[in-house]
Amino acid sequence: MRACLNLYIIKVMATIFSRIIAGEIPSYKVAEDDKFFAFLDINPLVKGHTLVVPKQEVDYIFDLDDEDLAAMHVFAKKVARAIEKAFPCKKVGEAVIGLEVPHAHIHLIPMQKESDMLFSNPKLKLSDEEFKAVAEAIRAAF
């Protein structure tokens, strides 16, 4: 009984990103290694808008230990380079914002102009097929 209660508590406490990593919630995955997971933002500012998250459930990015924080940025750089190849842009912007999901995450956003990074901009509405094509383009660029 105690084991079931502990499992229930773990399931209830898992963030939506942890549930995505575990495969409980579908996502458009673009990259993964033993510590990090990258997938498309389902409310993208532009095509290619990707989230990079640690598999370790940590709310605040600066609560990661130094080694994991550095590794997360190295992983994000690899993803950003693939985004640049798949969606030619002037730069891939990086933002660490968001209080709605208590799980550290980095937004990688292909930019033609600085205003592409404004989170108050209208979000794109993409079909499932479009999301799949975007994810495949980034994966193929690795």
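Per an unreviewed UniProt entry, the chain goes by the name HIT domain-containing protein and belongs to Bacteroides cellulosilyticus CL02T12C19.

**A short note on the layout of surface pockets**
The calculated volume of the largest pocket comes to roughly 370 Å³. In terms of lining residues, the largest pocket is bounded by 22 residues, among which Phe17, Asp41, Ile42, Asn43 and Leu51 are the most central. Secondary structure elements with two or more residues in the lining of the largest pocket: helix H2 (16-21) and strand E2 (36-40). Split into classes, the residues belonging to the lining of the largest pocket amount to 13 nonpolar, six polar and three charged. Around the second largest pocket, the lining residues are Asp59, Tyr60, Ile61, Val96, Ile97, Gly98, Leu99, Val101, Pro102, His103, Ala104 and His105.

**A look at the sheet that holds strand E1 (residues 29-32)**
The strand order across the open sheet formed by five strands is E1-E2-E3-E5-E4, and the pairing between neighbours is antiparallel. At either margin of the open sheet sits one strand with a lone partner, and together these are E1 and strand E4 (91-95). Strand after strand, the sheet turns through a mean of 20° between neighbouring axes, direction not considered. As judged from the three bridges shared by E1 and E2, these two strands associate in the antiparallel manner. Its bridge partner being in E2, Ala31 is matched across the sheet by Ala38. Set on the sheet, helix H4 (residues 128-140) makes contact with E1, E2 and strand E3 (50-54); between it and E1 the angle comes to about 30°.

**Some thoughts on the pattern of salt bridges**
Under the counting rule described, the total for this entry stands at eight salt bridges. For Arg139, the salt bridge goes to Glu136, with nearest N and O atoms at 2.9 Å. Of this pair, Arg139 and Glu136 are both found in helix H4, three residues apart, which corresponds to roughly one turn of the helix. When its relative accessible area of 35% is taken as the criterion, Arg139 is described as partly exposed. The exposure class assigned to Glu136 is partly exposed, which follows from its relative accessible area of 42%. Because the salt bridges share partners, they merge into one network encompassing Lys29, Glu32 and Lys55.

**Some thoughts on the UniProt feature "active site" (unreviewed entry) in the chain**
When the UniProt feature table is mapped to this numbering, "active site" (unreviewed entry) covers His105. The topology assignment puts His105 in the loop between E4 and strand E5 (106-111). Only 3.2 Å separates the side chain of His105 from the backbone oxygen of Ile97, close enough to count as a polar contact.

**Focus on the environment of Leu69**
Turning to its location among the elements, Leu69 is positioned in helix H3 (residues 66-86). On the basis of relative accessible area, Leu69 is assigned to the buried category, the value being 16%. Taking the C-alpha atoms as reference, Leu69 lies 9.0 Å from Pro54; in sequence the two are 15 residues apart. Contact partners of Leu69, with chain neighbours within four places excluded, come to Ile61, Phe62 and Leu64.

**Examining empty space enclosed by the protein**
Applying the stated criterion across every chain yields a total of one cavity of 30 Å³ or more. Put simply, the largest cavity is a space of about 30 Å³. As for the largest cavity, its lining consists of Leu40, Asp41, Pro44, Val46, Lys47, Gly48, His49, Leu126, Phe131 and Val134. Here the lining of the largest cavity is built from residues that sort into six nonpolar, two polar and two charged.

What counts and what doesn't
- Residues numbered from 1 in each chain as written.
- Predicted model: local features only at pLDDT ≥ 70, side-chain atom pairs only at ≥ 80, totals over all residues.
- Heavy atoms only, no water.
- 1 Å grid on protein atoms, 1.4 Å probe; cavity = no way out; pocket = protein on both sides within 12 Å on 5 of 7 lines; lining within 4 Å.
- Points joined across faces, edges and corners; volume = space filled by probe spheres on them.
- Helix = DSSP H or I, 4+ residues; strand = E, 2+ residues; numbered from the N terminus.
- Nonpolar A, V, L, I, M, F, W, Y, C, P; charged D, E, K, R; others polar.
- Pairing = 2+ DSSP bridges.
- Axes fitted to C-alpha atoms, helices over the stretch in contact; angles between N-to-C directions.
- Contact = heavy atoms within 4.5 Å.
- Salt bridge = Lys/Arg side-chain N within 4 Å of Asp/Glu carboxyl O.
- Buried < 20%, exposed > 50% of the residue type's maximum accessible area, 1.4 Å probe, protein only.
- UniProt positions renumbered as here; feature names shortened; annotations may be inferred.
- Polar contact = N/O pair within 3.5 Å; in protein donor to acceptor, adjacent residues only side chain to side chain.

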